[in-house]
Each structure stands twice: as structure tokens, then as C-alpha cells.
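Summary of structural features
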Amino acid sequence: ENIMKKSNEKVTVEVNASAEKVWKIIGAVGGVDKWFAPVIKTCRVDGDKRYCTTDAGPLNEDILEVNHQSKIFRYGIPEQNMIPVKNILGTMKVNDLGNGKSSVEWSATFDVEEDKEAQAKEMFRGAWTMGINGIEKLINN
């Protein structure tokens, strides 16, 4: 039988836009479909829940923290059908790099079967990098 283990992954992507502009998009919580369009088809927020749809089915998230001071957004996804993991606890943090630039640090812990860990990490890295690049495009277009 496949044993689940705790794992984590993180990417940091530099963005050619100010931390304020980037946080305005992440901190809005809704509108993920505007910057993560290839993955997220629709998105609505209701209280501390975010309901998104994807080609692989629904993606229901718990909004755990939206900290406008430290520009940190934390969320939980108990189950989803895109990446072979469970119990995702994710964090997006915006860092000010000065000169109108910033970076987004996107990380998560999750439960995964050992033989799927490398694949899951690669999927997270790819998706998060695409998402952060999508935020940059949305701001600069």
C-alpha cells in the first residue's frame, strides 16, 4: 500500500512590477481566472471560501489569511484533481525589491505518496511559475 508523506515545495519568481501592484491582485483573493487563465476557468469568493473551476473539476479553497501589512496570502486545499496530493497548505508572499520590482514566493506543504513526490513538486513549480508570470502580464498589459 502507498504510504503518504509530508512534503513541501517553493518557488520565488521576480516580477517587473511593484509589490503594491502585485499584492493588489493576490490580496484581492478573487479574480484568479484573470491571471491563472490556463488553469483556472472561473473563480468566486464567498466569505472565507474560494470556489474555482478547472478542466480537472472543482477547486475549493479555504482562505486562511490575507495579511495586507506583510503581503501574505495563505490558503488550504483539502482535495483537488490536478496534482496527486492532498491537504495542500499554500502561502503566497510578495517581497519588495525596490525600483518598481518585486518577487513572489509561492510555497506549500502537502501530503503525497513517495513515488509521486518528484512529479508533484515539478507540477507545483510549473503551475506556480506560470501563475506568477500571469500576474506580471496582467499588471503590465
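In what follows, the structure referred to is the one given above.
Report on the accompanying structure. (Residues numbered from 1 in each chain as written. Predicted model: local features only at pLDDT ≥ 70, side-chain atom pairs only at ≥ 80, totals over all residues. Heavy atoms only, no water.)

Regarding the pattern of salt bridges
Applying the stated rule across the entire model yields 12 salt bridges. One salt bridge connects E117 with K5, and the closest N-O pair in it is separated by 2.9 Å. Taken together, the positions of E117 in helix α3 (residues 117-140) and K5 in strand β1 (residues 4-15) put the pair 112 residues apart, joining distant regions of the chain. We classify E117 as buried; its relative accessible area is 14%. (Salt bridge = Lys/Arg side-chain N within 4 Å of Asp/Glu carboxyl O. Helix = DSSP H or I, 4+ residues; strand = E, 2+ residues; numbered from the N terminus. Buried < 20%, exposed > 50% of the residue type's maximum accessible area, 1.4 Å probe, protein only.)

Re the packing of helix α1 (residues 19-27) against α3
Contact pair α1 / α3: the axes reach a minimum separation of 10 Å and the direction vectors enclose 115°. Relative to α3, α1 is oriented roughly perpendicular. Along this stretch, α1 crosses α3, giving a crossing that reads as right-handed. Side by side, α1 and α3 meet where K21, V22, I25 and I26 of the first sit next to I135, L138 and I139 of the second. Considering only residue class, the contact of α1 with α3 consists of 6 nonpolar, no polar and 1 charged. (Axes fitted to C-alpha atoms, helices over the stretch in contact; angles between N-to-C directions. Parallel < 35°, antiparallel > 145°, perpendicular 65-115°, else oblique. Left-handed = near helix turned anticlockwise from the far one by under 90°. Contact = heavy atoms within 4.5 Å. Nonpolar A, V, L, I, M, F, W, Y, C, P; charged D, E, K, R; others polar.)

Focus: the nonpolar core
Among the nonpolar cores identified, the biggest contains 38 residues, and I26 and W106 are the most heavily contacted of them. Contributing elements (two or more residues each) for this core: β1, α1, α2 (32-35), β4 (57-67), β5 (72-77), β6 (85-98), β7 (101-113) and α3. The element contributing the most residues to this core is α3, with 6 residues. Dropping the residues within four chain positions of it, W106 is found in contact with E9, K10, V11, W35, F36, Y75, T91, M92, W128, G131 and I132. (Core = buried A, V, L, I, M, F, W, Y, C linked by side-chain atoms within 4.5 Å.)

A look at unusual backbone geometry
Its identity is not glycine, yet V29 carries a phi of approximately 70°, on the positive side. Residue position: V29 is located in the loop between α1 and α2. The backbone of K71 sits at a positive phi, close to 55°, despite the residue not being glycine. Structurally, K71 is set in the loop between β4 and β5.

Here we look at the side chain of R50
Mapping R50 onto the fold places it in strand β3 (residues 49-54). Polar contacts involving the side chain of R50 include one to the main-chain carbonyl oxygen of V29, which spans 2.6 Å. (Polar contact = N/O pair within 3.5 Å; in protein donor to acceptor, adjacent residues only side chain to side chain.)

A look at the packing of aromatic side chains
Scanning all chains against the criterion turns up 7 aromatic pairs. Between W106 and W128, the ring centres sit 5.8 Å apart and the planes meet at 15°, which makes this aromatic pair stacked. In this pair, W106 sits in strand β7 while W128 sits in helix α3, placing the two residues 22 residues apart along the sequence. Where F124 meets W128, the ring centres are 4.9 Å apart and the plane angle is 35°; that geometry is what we call tilted. Within this pair, F124 and its partner W128 are both found in helix α3, separated by 4 residues, close to a single helical turn. Judged by its relative accessible area of 4%, F124 is buried. (Phe/Tyr/Trp six-rings, centres within 6.5 Å; stacked < 30°, edge-to-face > 60°.)

Brief notes about the sheet that holds β7
The strand order across the open sheet built from 7 strands is β1-β7-β6-β5-β4-β3-β2, with neighbouring strands paired in antiparallel fashion. The open sheet has two edge strands, β1 and β2 (42-46), and neither has a second partner. Within this sheet the neighbouring strands show an average axis-to-axis angle of 20°, counted without direction. Two elements, β4 and β5, share 5 bridges in a ladder whose sense is antiparallel. The residue bridging E65 from the neighbouring strand is R74, located in β5. Contacting β1, β4, β5, β6 and β7, α1 crosses the sheet at an angle of about 155° to β6. (Pairing = 2+ DSSP bridges.)

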